[in-house]
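Observations on chain architecture
So you can see what is in the structure, the chains are spelled out below.
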Amino acid sequence: GGQSPFVKDGKVKSFWKHVVWMVKGAYEGKAVGDVSRSATNDNDKTQHPWGQSESGFADLVARFVSQGDMILDPMVGGGTTAVIARALNCKFIGSDKDPQAIEITRKRLRDG
């Protein structure tokens, strides 16, 4: 559903994203599908050049977490995952090698 960026100069549109899903202990949740959707043209690059759509991440995160769960985002970028975690009443830990990305996320959460 979302926009698909061109990969370099190869004129290949990328319609998928890597997702790393880790759990502590055995996963005891329900089975989930491997296709997630986002609203068309919902990419959000206003916070960070690698920004992701809130609709796509909300769809993805809602499949794997329950209220109160902990979400870790090791490449927080513009904070989309943090915003979705808060909306789903989840705990959140975010990190990034770029201190500016951390500040963008803090500001987004503070102002949101």
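Above: the structure in question.
Now for a quick tour of the structure. (Residues numbered from 1 in each chain as written. Predicted model: local features only at pLDDT ≥ 70, side-chain atom pairs only at ≥ 80, totals over all residues. Heavy atoms only, no water.)

**Some remarks on the nonpolar core**
Rules: Here, nonpolar core refers to any group of buried Ala, Val, Leu, Ile, Met, Phe, Trp, Tyr and Cys residues whose side-chain atoms link them within 4.5 Å. Only protein chains enter the accessibility calculation, which uses a 1.4 Å probe. A residue is then buried if its area is under 20% of the maximum for its type, exposed if over 50%, and partly exposed in between. A run of H or I in DSSP becomes a helix once it reaches four residues, and a run of E becomes a strand once it reaches two; helices and strands are each numbered from the N terminus. Should any heavy atoms of two residues lie within 4.5 Å, those residues are considered in contact.
Core analysis: the largest hydrophobic core is formed by 6 residues, namely Phe 57, Val 61, Ile 71, Ile 84, Ala 85 and Cys 90. Of all the elements in the fold, those that place two or more residues in this core are helix H1 (54-64) and helix H2 (80-87). Leave out the neighbours within four places in its chain, and Ile 84 touches Glu 54, Phe 57, Ala 58 and Val 61.

**Notes on the pairing of strand S4 (residues 91-94)**
Which entries qualify depends on this criterion: Pairs of strands are assigned from DSSP output, requiring at least two bridges between the strands. Handedness of a crossover is defined as follows: with both strands directed away from the viewer, a clockwise route from the first strand across the helix to the second makes it right-handed.
In the sheet, strand S3 (residues 70-73) pairs with S4 via 4 bridges, with the strands oriented parallel. By the bridge assignment for S4, Ile 71 is matched with Phe 92. For the segment spanning S3, H2 and S4, crossover handedness is right-handed.

**With respect to the packing of H1 against H2**
The criterion, for reference: Axis geometry follows a simple rule: fit a line to the C-alpha atoms, using only the stretch in contact for helices, then measure angles between N-to-C directions, giving values from 0 to 180 degrees. Working rule for angles: under 35 degrees goes down as roughly parallel, over 145 as roughly antiparallel, 65 to 115 as roughly perpendicular, anything else as oblique. Should the near helix be turned counterclockwise from the far one by less than a right angle, the crossing is left-handed, whereas a clockwise turn marks it as right-handed.
Viewed as axis vectors pointing N to C, H1 and H2 meet at an angle of 55°, and their least axial separation amounts to 9 Å. In terms of axis orientation, H1 runs oblique to H2. Like other packed secondary-structure pairs, H1 and H2 cross with a definite hand, here right-handed. Between H1 and H2, the residues in contact are Glu 54, Phe 57, Ala 58 and Val 61 and Thr 80, Thr 81, Val 83 and Ile 84, respectively.

**Quick word on H2**
Across the 8 residues that make up H2, a large majority, 6, are buried. Those residues of H2 lying buried are Thr 80, Thr 81, Ala 82, Val 83, Ile 84 and Ala 85. Residues of H2 that are buried in the fold lie against H1, S3, S4 and helix H3 (99-111). A positive backbone phi angle near 55° is found at Asn 89, which sits one or two residues after H2.

**A look at the pattern of salt bridges**
This is how it is decided: Counted as salt bridges are all cases of a side-chain nitrogen of Lys or Arg within 4 Å of a carboxyl oxygen of Asp or Glu.
Summed over the entire model, instances satisfying the criterion amount to 4 salt bridges. When the shortest N-O distance is used, the salt bridge between Asp 59 and Arg 63 registers 3.1 Å. Pair noted here: Asp 59 and Arg 63 are both in helix H1, with a separation of 4 residues, about one helical turn. Exposure remark for Arg 63: the relative accessible area of 22% places this residue in the partly exposed category.

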